[in-house]
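What the coordinates show
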Number of protein chains: 2
Amino acid sequence: MKPCDTQDTGTCQRISEMLSRIGDKWTLLIVRELGQGPLRFSALKRRLGSISQKMLTATLRNLERDGMVSRTVTPATPPQVEYALTAMGHDLFRPIAALAEWTITHADAIDAARQAYDGQRAA
Amino acid sequence: MKPCDTQDTGTCQRISEMLSRIGDKWTLLIVRELGQGPLRFSALKRRLGSISQKMLTATLRNLERDGMVSRTVTPATPPQVEYALTAMGHDLFRPIAALAEWTITHADAIDAARQAYDGQRAA
DNA sequence: CCGGATCCTCGACGATACTG
DNA sequence: CAGTATCGTCGAGGATCCGG
């Protein structure tokens, strides 16, 4: 029932690792873009706007290594590289969407809690 | 359907923020412990083993500020402080459990993808 | 027992310049 | 176009000491 209660420590760390990956600065945004269809490197970079090439490359490498994203090179001049979500990558959407929905429905309550907490400290 | 597709940028950032919080080094482990019942500061620290007091305090403060955890002080010598999940904190379990389940069922596929990726680079 | 204050280390991330 | 390499910054997190 609970995320880790019945799991051994290794499995729990695994879950935490997954959360860290998705919770990092760019993964969610990249997966979001690719969720709408394959994109080339530059197109992806343009859509994300403020990301550096370094981080885009690194994040894509991680996603590729974990089998979430496929990388297809089309030999040409200039070269073309297309990134797309794999089946597993798409699958990942479902549980993330659940967490997203939870966050949206609780956003007001969280804000209220923060204001209450901060207000109390000012006194 | 998708986590952020239909959401404005602010909401998407909100979701990312939530993922970062849960994905940080200690939050999941702490929430996991408190999910089984309230605990005092030292007991929590003992259970987590390798955490520093600083990080335990900081993480608990964040959770308290967001309304996920309640902090109850019992005046005494020595002082007693008990931490417990709030209703909202318990609620958080559900979407996290979904992600945990996903991770467990795909763990083997991810491992295989990593080995394939790493193996190819060695050549 | 609880937790604040301080110092230090280290990895994430960004900016820039360079290559096939 | 799609990267790699290098450098610098900054904050997360650990260790330790101190106070209520």
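Each remark here, short or long, concerns the structure printed above.
Small disclaimer: the values here were computed from a predicted structure and weren't measured.

So, how was this worked out
- Residues numbered from 1 in each chain as written.
- Chains lettered and ligands numbered in written order.
- Predicted model: local features only at pLDDT ≥ 70, side-chain atom pairs only at ≥ 80, totals over all residues.
- Heavy atoms only, no water.
- Near = heavy atom within 4 Å.
- Polar contact = N/O pair within 3.5 Å; in protein donor to acceptor, adjacent residues only side chain to side chain.
- Nonpolar A, V, L, I, M, F, W, Y, C, P; charged D, E, K, R; others polar.
- Least-squares fit on C-alpha atoms with pLDDT ≥ 70 in both.
- Contact = heavy atoms within 4.5 Å.
- Pairing = 2+ DSSP bridges.
- Helix = DSSP H or I, 4+ residues; strand = E, 2+ residues; numbered from the N terminus.
- Axes fitted to C-alpha atoms, helices over the stretch in contact; angles between N-to-C directions.
- Salt bridge = Lys/Arg side-chain N within 4 Å of Asp/Glu carboxyl O.
- Buried < 20%, exposed > 50% of the residue type's maximum accessible area, 1.4 Å probe, protein only.

Let us now look at the protein's contact with DNA strand C. Near DNA strand C there are 18 residues, and of these Lys54(A), Met55(A), Ser42(B), Arg71(B) and Tyr83(B) occur at the shortest range. Each atom of DNA strand C within 4 Å of the protein was assigned to sugar, phosphate or base; sugar and phosphate come to 70%. Tyr83(B) is positioned with one of its side-chain polar atoms (N or O) 2.8 Å from a phosphate oxygen of DNA strand C. Partitioned by chemical class, the residues of the surface near DNA strand C number 8 nonpolar, 4 polar and 6 charged.

As a further point, take the relation of the copies chain B and chain A. For the pair chain B and chain A, the superposition axis carries a translation of 0.0 Å, the fit reaches an RMSD of 0.1 Å, and the rotation angle comes to 180°. Seen this way, the second copy is the image of the first under a two-fold rotation axis. No C-alpha of chain B lies nearer the rotation axis than that of Gly23(B), which sits 2.9 Å from it. Here 100% of the interface residues in chain B have copies in chain A that are interface residues too; the copies meet face to matching face.

Time to look at the sheet that holds strand E1 (residues 39–40) of chain A. Residue and element names in this part refer to chain A. In spatial order, the strands read E1-E3-E2; together these 3 strands make up an open sheet with antiparallel pairing. Only two strands of the sheet have a single partner each, and these edge strands are E1 and strand E2 (69–74). Sheet analysis places E2 next to strand E3 (residues 80–85), joined by 6 bridges and oriented antiparallel. Counted as the bridge partner of Val73 is Val81 from E3. With respect to the sheet, helix H4 (residues 53–65) is in contact with E2 and E3, its orientation differing from that of E2 by roughly 110°.

The next subject is the pattern of salt bridges. Following the criterion strictly, the structure yields 16 salt bridges over all chains and no others. One salt bridge connects Arg114(B) with Asp66(A), and the closest N-O pair in it is separated by 2.6 Å. One end of the pair, Arg114(B), is in helix H6 (residues 93–122); the other, Asp66(A), is in the loop between H4 and E2, on a second chain. For Asp66(A), a relative accessible area of 6% puts it in the buried group. A salt bridge links Arg47(B) to Glu33(B); the nearest nitrogen and oxygen atoms lie 2.9 Å apart. Within this pair, whereas Arg47(B) is found in helix H3 (residues 41–48), its partner Glu33(B) is found in helix H2 (residues 27–34), the two being separated by 14 residues in sequence. Residue classification places Arg47(B) among the partly exposed positions, given a relative accessible area of 47%. Overall, the relative accessible area of 11% leaves Glu33(B) in the buried class. Connected through salt bridges with shared partners, the residues Arg14(A), Glu17(A), Arg21(A), Asp66(A), Asp111(B) and Arg114(B) form a single ionic network.

Purely spatial values, then, with no claim about function.
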